[in-house]
Every structure is written in structure tokens, then in C-alpha cells.
Amino acid sequence: MTTSSPKYLQEDNLSEECKKLLSILPKDKGWVGSYIYNYQGFWTPPRFLQGVIAFQQQFQAEDSDIILVTTPKSGTTWLKSLLFALINRVKHPIFEPNHPLLVNNPHVLVPFLEHDLYIDGRVHDFSTFTSPKLLATHVPFASLPKSVQDSKTKLVYLCRNPRDTFISMWHFTNNLLLHHNDTNSIEEKFDLFCEGVSLYGPFWNHVLDYWKKSIEMPTKILFLMYEEIKKKPKVQLKRLAKFLECPISTEEENCGVVDEILKMCSFKNLRNLEVNTNGRFSTGEAYNLFFRKGEIGDWKNYFTTNMSDKLNHTIEEKFQGSGLKFSYV
Ligand code: A3P
């Protein structure tokens, strides 16, 4: 994978320990690189695996930390921006002309633990972070460091319906591959997704574990759905603020804070900002790859009846009795 894969997945810096582990882990065809590996029951590319292990070994959660957890392509970028705007609304009033969200991509303001801070097994120093720390991860609940599971750290989980999540992932990985004159066939990737072989998948295990934990630990984990935020953004933003113990006051609401946060973090606004139109990660990937359509139901433009039937069947089987229902429109 070293020469043909996108830069952010290149394996030049894999430790000997990680290479040894890879040699014994189950592997399957990758979405971007050659292979994806099954570690502790979930699938991840090698470079991220090294980041996951460093995160597990080194990160010490503090009670005040806030961690956003998602499966890839469920709207992480959007939730990162909403979280940042909400938590920092005193330090950075939303009406401020130089608000950090206007000049930075949300992934820079709310970094991923395994993909940014601990990537390549780095040791990370949090001394420059202000409290509460706003962080993000794709790691399933059972594989989170113990300190995250056992502390009062708050977890905000965002989930999206599996059909749109799949289509978004298929487009995203194809866009990464385009620079390498390659594409993934939708049929092949759909079969892998249904078999559970997707980034941080199986999708259903990821979602169900957090869903169940959010019921068991309602003050620790808030379970949000992309579609519900789209349909009732004010209700969901206020729910988020209440969960994070920074409720929006009537005075703030009357001053238009909720509306302004939603406007600032809207797909249209974020996508059209200069930083997100032309900016790039240090590894070269364009920020605009994270702003494609931002709609519910784009799956309808791609799914055949067979695909719908197949995924329906899997989803019904996996989520039966859980009380969790997805919205596809
Ligand atoms: P689509 O590919 O369906 O357009 P992630 O941030 O987890 O990688 O997810 C990316 C998905 O979220 C993409 O979906 C992207 O367009 C959408 N998205 C990004 N910003 C958004 C926003 N502000 N509002 C709604 N959706 C957004």
C-alpha cells in the first residue's frame, strides 16, 4: 500500500510491533488501501490501527473531556462544528467576525484522537489544550481506553442511516482514490459493507453498542441521529447543550444564539468558506471532500431494489428488539 495509497494512509511509519500484529490479524480487501484489518472486532486500515493502539495505551481521560464518537461519514464534520460553536460560545461569541470556525476546518478545531493526535504512534502532549478538551474518535465503545469508559468524560455519539452512510463512504473513498486513477465498484463495496467490512465496522455493532450504553448511562453518552438534527435542529442543539451541562438560556435564545450557531454550521455556510473550499490537511487531502451533498436520502440515486432488500434484511436482523429505528427520508 505504500506507494499507491493516499498519503494519509501510507504505512511508512508503522512500528515493528504494529507490523507484527498486522501479520496475525484477519484482513480483507481495503476501501482505500490494499487491506483493512480486524482488530478487537472492528475493521481499520493499518496506519489508523497504530493510532488506535497509541490512543488506547496513552490517553488519560479527564472528567471534563468531551469526546465525539461517530462511524465514518455519519456527519462528524458537522457535529464537530456544532460542538465547537456551542462549547466555546462565551470565549468566541457566535457573532464574532473572526470566529475560529470561519477560518479553520472543524477537524482542526476538534481533532481525532487516533487519526491526528496519536497517528503513527505519536506521544501527545495536551498541555496546550484548554478545558474542556473537545476530541473525536471512531473507536467502538469496547475498545475505548478504560479511563474514557470509567471517568465522567462525556461521549456524544452521532449515527446516520446506514444507506446514506454507505453512499457517503463509497463516494469519499472513491474521491481519495481518484488521485490514484482508481475507483471502487459500488457492488463490491456494498457487499463488503453488508458483511460488516467497512471503516470501523461492522456498522451495526458500532451503533448498537453505543445505543445500548447510552440507555444504560444517559448522563455519560448522548445518542444523536443525523436525520433528527436535520429535521429538528433547534431541538437537538438544545438537547446537546443540556447534556453537556451548558444549557442555552432564554436570554441567549432570544438573542438568536441558537439560530446563529445553526447558520454558521450549516452545510452551505461551511462548504462555501474559503478555508473549506481551498484548504487541505497537511497530508494533502482537500477539506472539501468532507462537504459533498449533506442531504438525507441520496441513497435513492444509487440503490437498486436488490441492494435495498439486502440491507433492510441485515438491518432488521441486527437491530431487532433494540428500539432503534432509522429514517431514510
Ligand atoms: P454526504 O457524502 O452524504 O454528502 P463525516 O463528516 O462523518 O465524514 O460525514 C460526511 C458527511 O456529512 C457528508 O455526507 C457531508 O456532505 C455531510 N456534511 C458535512 N458537513 C455537513 C453539514 N454542515 N450539515 C450536514 N451535513 C454535512
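Our subject is the structure that appears above.
Residues numbered from 1 in each chain as written. Predicted model: local features only at pLDDT ≥ 70, side-chain atom pairs only at ≥ 80, totals over all residues. Heavy atoms only, no water.

Now for the pattern of salt bridges. Per the counting criterion, the structure on display carries 16 salt bridges. K19 is the salt-bridge partner of E16, the closest N and O atoms lying 3.5 Å from each other. A residue pair is termed a helical-turn pair when its members lie 3 or 4 positions apart in one helix, as E16 and K19 do in helix α1 (residues 16-24) at 3 residues. Residue K19 is classed as partly exposed on the basis of its relative accessible area, which comes to 40%. A salt bridge links R47 to D120, with the shortest nitrogen-to-oxygen separation between them at 2.7 Å. (Salt bridge = Lys/Arg side-chain N within 4 Å of Asp/Glu carboxyl O. Helix = DSSP H or I, 4+ residues; strand = E, 2+ residues; numbered from the N terminus. Buried < 20%, exposed > 50% of the residue type's maximum accessible area, 1.4 Å probe, protein only.)

Okay, unusual backbone geometry next. The linkage connecting S131 with the following residue, P132, adopts the cis geometry, with an omega of 0°. Examined against the element boundaries, P132 turns out to sit in the loop between α6 (113-117) and β5 (134-137). For the peptide bond that leads from G201 to P202, omega is 5°, which places it in the cis range. Mapped onto the elements of the fold, P202 is located in the loop between α9 (186-194) and α10 (203-216). Residue Q40 is not a glycine yet carries a positive backbone phi of 50°. At Y200, a residue that is not glycine, the phi angle is positive and equals roughly 65°. Assignment of secondary structure puts Y200 in the loop between α9 and α10.

By nearness alone, 19 residues border the ligand, and K73, T76, T77, S168 and K293 come closest of all. S74 places a main-chain nitrogen or oxygen 3.2 Å from an oxygen atom of the ligand. For the ligand, an oxygen atom lies 2.7 Å from a polar atom in the backbone of G294. Within the complex, 98% of the 560 Å² of free accessible area of the ligand lies under protein. Because more than half of its atoms lie within 2 Å of the grid, the ligand is assigned to the largest pocket. (Near = heavy atom within 4 Å. Polar contact = N/O pair within 3.5 Å; in protein donor to acceptor, adjacent residues only side chain to side chain. Areas by Shrake-Rupley, 256 points an atom, 1.4 Å probe, with all protein chains shown as cover. 1 Å grid on protein atoms, 1.4 Å probe; cavity = no way out; pocket = protein on both sides within 12 Å on 5 of 7 lines; lining within 4 Å. Sits in = over half its atoms within 2 Å of the grid points.)

Looking now at the sheet that holds strand β1 (residues 27-29). Hydrogen bonds between backbone groups are what pair the strands of a sheet, and the pairing can be parallel or antiparallel. Strand order in the open sheet made by the 3 strands is β1-β2-β3, with antiparallel pairing throughout. A strand with exactly one partner marks an edge of an open sheet, and here the two such strands are β1 and β3 (42-44). Recorded for the sheet is a direction-independent mean angle of 35° between the axes of neighbouring strands. (Pairing = 2+ DSSP bridges. Axes fitted to C-alpha atoms, helices over the stretch in contact; angles between N-to-C directions.)

Moving on: the side chain of D164. As for its placement among the helices and strands, D164 is situated in helix α8 (residues 162-178). Although D164 lies buried, it forms no salt bridge, and the closest oppositely charged side chain, R160, sits 4.8 Å away as judged by the N-O distance. (Lys, Arg positive; Asp, Glu negative; His and termini not counted.)

Ranked by internal contacts, the top residues of the largest apolar core, which has 68 residues, are F59, L113, L155, F166, V207, F319 and F326. Of the residues forming this core, the biggest block, 7 residues, is contributed by α8. Ignoring any residue separated from it by four or fewer positions in sequence, one finds F59 in contact with A54, D65, I67, L113, Y118, F126, K133, L135, P145, S147 and V148. Grouped together as the second largest cluster of nonpolar side chains are 36 residues, V110, L240, I248 and C265 included. (Core = buried A, V, L, I, M, F, W, Y, C linked by side-chain atoms within 4.5 Å. Contact = heavy atoms within 4.5 Å.)

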